[in-house]
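The residues making up each chain are set out below.
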Amino acid sequence: EQAQLAKLRHRRTRTRDGVDIRLFANAESREDVAEAHALGADGIGLYRTEFLFLRRRELPDEEEQFLAYRDLVLGMAGRPVTIRTLDLGADKADHTGLSLRGEPNPALGLRGVRLSLAHPELFLTQLRAILRAAAYGPVRLLVPMIGSREEMLQVTRLLERARLDLEARDQQAGRRIELGAMIEVPAAALALPDFVDLLDFVSVGTNDLVQYLLAVDRNHELLSGLYTPRHPAVLRVLSELFAYGRRRSVPVAVCGEMAGDPANVPLLLALGLRDFSLHPSTLLEVRRAVRACDFARLRRRAASLLRAHDRDGIERWLRRA
Ligand code: PEP
Ligand code: MG
């Protein structure tokens, strides 16, 4: 079984009917990056930079961040690397004093891009470090918890500022950096057409999107039975996002846990997803699942999937697929 799986390291991620699917890796450590590269990931789809900020009191300065991001870029040897800006909040082990203490609703509070925009100097430091790393290979910048066009505009202005800072210092920056938004706030899923002109790509954070759509805490022990992407509302939102991305030629990936579960592969392909981002530990299993699927046949069955009224209906559809 393990040996069979290992053979897939050097195989393409292609459906039976010849459709290429891209598997990017979610990475948060050097080991993840090495593994992603060894398994033939198409790039890094989500690098969570909070890991540089957790469990410490002092903030990492520009140089420390730059060196970490540069290592990441070099580690992927020319494949694109998606660096997510800080998604810190009172829900994480933040000892830097940045996030508010005792927030009543940390998931709805000062986190993600909201925290970054509340501390522009901190955000500029991170943006400069990322721009500098982009001189070493293809970098995509991903912004978490975007909820509106206004926030995205503030990000683009600060990115411009960071670039000017580097120019003034005569420091090298990547010439072109792709800009993307995480779609995880339901309002952003609905309002995507209002700010898509500011984006090169989109990554759907289903961990939070499911939490916010269903109003179910993603970590609540007693509610784990309610917390699932297999809800008709979730599938409809995903289907709309994927269709919109196709119409506008904006790549749409899913980087939440649901993309790393091989059992969800037929469902996501049926809805039209082609870009997955997942932890390297399940990459080969997902590749195997993709290779067992017939993309065109699944797409023909999307309508019946979207007609499911409940989780049972979705799971019945999956068993037949
Ligand atoms: C998500 O919300 O789906 C996501 C990938 O981000 P995180 O799990 O870091 O919130
Ligand atoms: Mg998230």
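Residues numbered from 1 in each chain as written. Chains lettered and ligands numbered in written order. Predicted model: local features only at pLDDT ≥ 70, side-chain atom pairs only at ≥ 80, totals over all residues.

Going by what an unreviewed UniProt entry lists, the chain is known as Phosphoenolpyruvate-protein phosphotransferase and is assigned to Arenimonas fontis. Recorded under Cofactor (unreviewed entry), the UniProt text for the chain is reproduced unchanged: "Mg(2+)". The UniProt entry for the chain carries the following comment under Subcellular location (unreviewed entry): "Cytoplasm". (UniProt positions renumbered as here; feature names shortened; annotations may be inferred.)

Along the chain, the regular secondary structure elements total 14 helices and eight strands. The dimensions of the chain, computed from C-alpha atoms along their principal axes, are 60 × 45 × 35 Å. Evaluated residue by residue, the chain yields a buried proportion of 40% over its 321 residues. At a minimum sequence separation of 6, the contacts of the chain that also span at least 24 residues come to 69%. (Helix = DSSP H or I, 4+ residues; strand = E, 2+ residues; numbered from the N terminus. Buried ≥ 20, exposed ≤ 12 C-beta atoms within 10 Å, placed from the backbone. Contact = placed C-beta atoms within 7 Å.)

Moving on: the site of ligand 1. Every residue lining ligand 1 is accounted for by Leu 46, Arg 48, Asp 87, Glu 184, Gly 205, Thr 206, Asn 207, Asp 208, Cys 255 and Gly 256. Those elements that provide at least two residues to the shell around ligand 1 are strand E2 (44-48) and helix H8 (206-214). When residues in the shell around ligand 1 are grouped by element, the largest group, three residues, is from H8. For the shell around ligand 1, a count of residues per class yields two nonpolar, four polar and four charged. (Near = placed C-beta within 6 Å. Nonpolar A, V, L, I, M, F, W, Y, C, P; charged D, E, K, R; others polar.)

To continue, consider the nonpolar core. Ile 44, Ile 130, Val 204 and Phe 276 are the most contacted members of the largest nonpolar core, which has 79 residues in total. Top contributing element to this core by residue count: helix H5 (residues 120-133), with six residues. If we ignore the near neighbours within four places in the chain, the residues touching Ile 130 are Tyr 69, Ile 83, Val 139 and Leu 141. (Core = buried A, V, L, I, M, F, W, Y, C linked by C-beta atoms within 7 Å.)

For the rest of this paragraph, the subject is the UniProt feature "binding site: Mg(2+)" (unreviewed entry) in the chain. Under the feature "binding site: Mg(2+)" (unreviewed entry), the UniProt entry names Glu 184 and Asp 208. Taken along the chain, the residues just named run across 25 residues; in space they keep tight, none of their C-alpha pairs more than 5.3 Å apart. Residue class for Glu 184 comes out buried when judged on the 26 C-beta atoms lying within 10 Å of it. With 22 C-beta atoms packed within 10 Å, Asp 208 lands in the buried category.

Here we take up the UniProt feature "binding site: phosphoenolpyruvate" (unreviewed entry) in the chain. UniProt records the feature "binding site: phosphoenolpyruvate" (unreviewed entry) at Arg 48, Arg 84, Asn 207, Asp 208 and Arg 218, using the numbering of this structure. Examined against the element boundaries, Asn 207 turns out to sit in helix H8. Setting aside its immediate chain neighbours within four residues, Asn 207 contacts Arg 218, Gly 256 and Glu 257. For Arg 218, the location among the structural elements is in the loop between H8 and helix H9 (232-248). Apart from the residues lying within four places of it in its own chain, the contact partners of Arg 218 are Asn 207, Gln 211 and Tyr 227.

So, on to unusual backbone geometry. Here Arg 55, not a glycine, exhibits a phi torsion of approximately 55°, which is positive. By secondary structure assignment, the location of Arg 55 is in the loop between E2 and helix H3 (62-75). Residue Ser 249 is not a glycine yet carries a positive backbone phi of 55°. Following the sequence through the fold, Ser 249 ends up in the loop between H9 and strand E7 (252-254).

The subject of this paragraph is the packing of H5 against helix H6 (residues 149-168). One can describe the packing of H5 onto H6 by two numbers: an axis separation of 9 Å at closest approach and a directional angle of 65°. Here the hand of the crossing between H5 and H6 comes out right-handed. Along its contact with H5, which presents Pro 120, Phe 123, Leu 124, Leu 127, Arg 128, Leu 131 and Arg 132, the element H6 presents Leu 158, Leu 159, Arg 161, Ala 162, Arg 163, Asp 165 and Leu 166. Classifying every residue of the contact of H5 with H6 gives nine nonpolar, no polar and five charged. (Axes fitted to C-alpha atoms, helices over the stretch in contact; angles between N-to-C directions. Left-handed = near helix turned anticlockwise from the far one by under 90°.)

Across four bridges, the pairing between strand E4 (residues 139-143) and strand E5 (residues 178-183) is parallel. Considered in E5, the bridge of Arg 140 is made with Glu 178. With H6 bridging E4 and its parallel neighbour E5, the resulting β-α-β unit is right-handed. In this region the chain leaves E5, passes through helix H7 (residues 186-195) and returns to the parallel neighbour strand E6 (residues 201-204); the handedness of that crossover is right-handed. (Pairing = 2+ DSSP bridges. Right-handed = clockwise from strand over helix to strand, strands pointing away.)

Within the chain, residue pLDDT values average 96, and 100% of them lie at 70 or more. ipTM for the predicted complex: 0.99, alongside a pTM of 0.97. (pLDDT = per-residue confidence, 0-100.)

This part takes up the sheet that holds E5. Spatial ordering of the closed barrel is given by E1-E2-E3-E4-E5-E6-E7-E8, a layout of eight strands whose pairing is parallel. Geometrically, the sheet is characterised by an average inter-axis angle of 25° between neighbouring strands, direction not taken into account. Packing against the sheet, helix H2 (residues 30-38) makes contact with strand E1 (22-27) and E2, and its axis sits at approximately 165° to E1.

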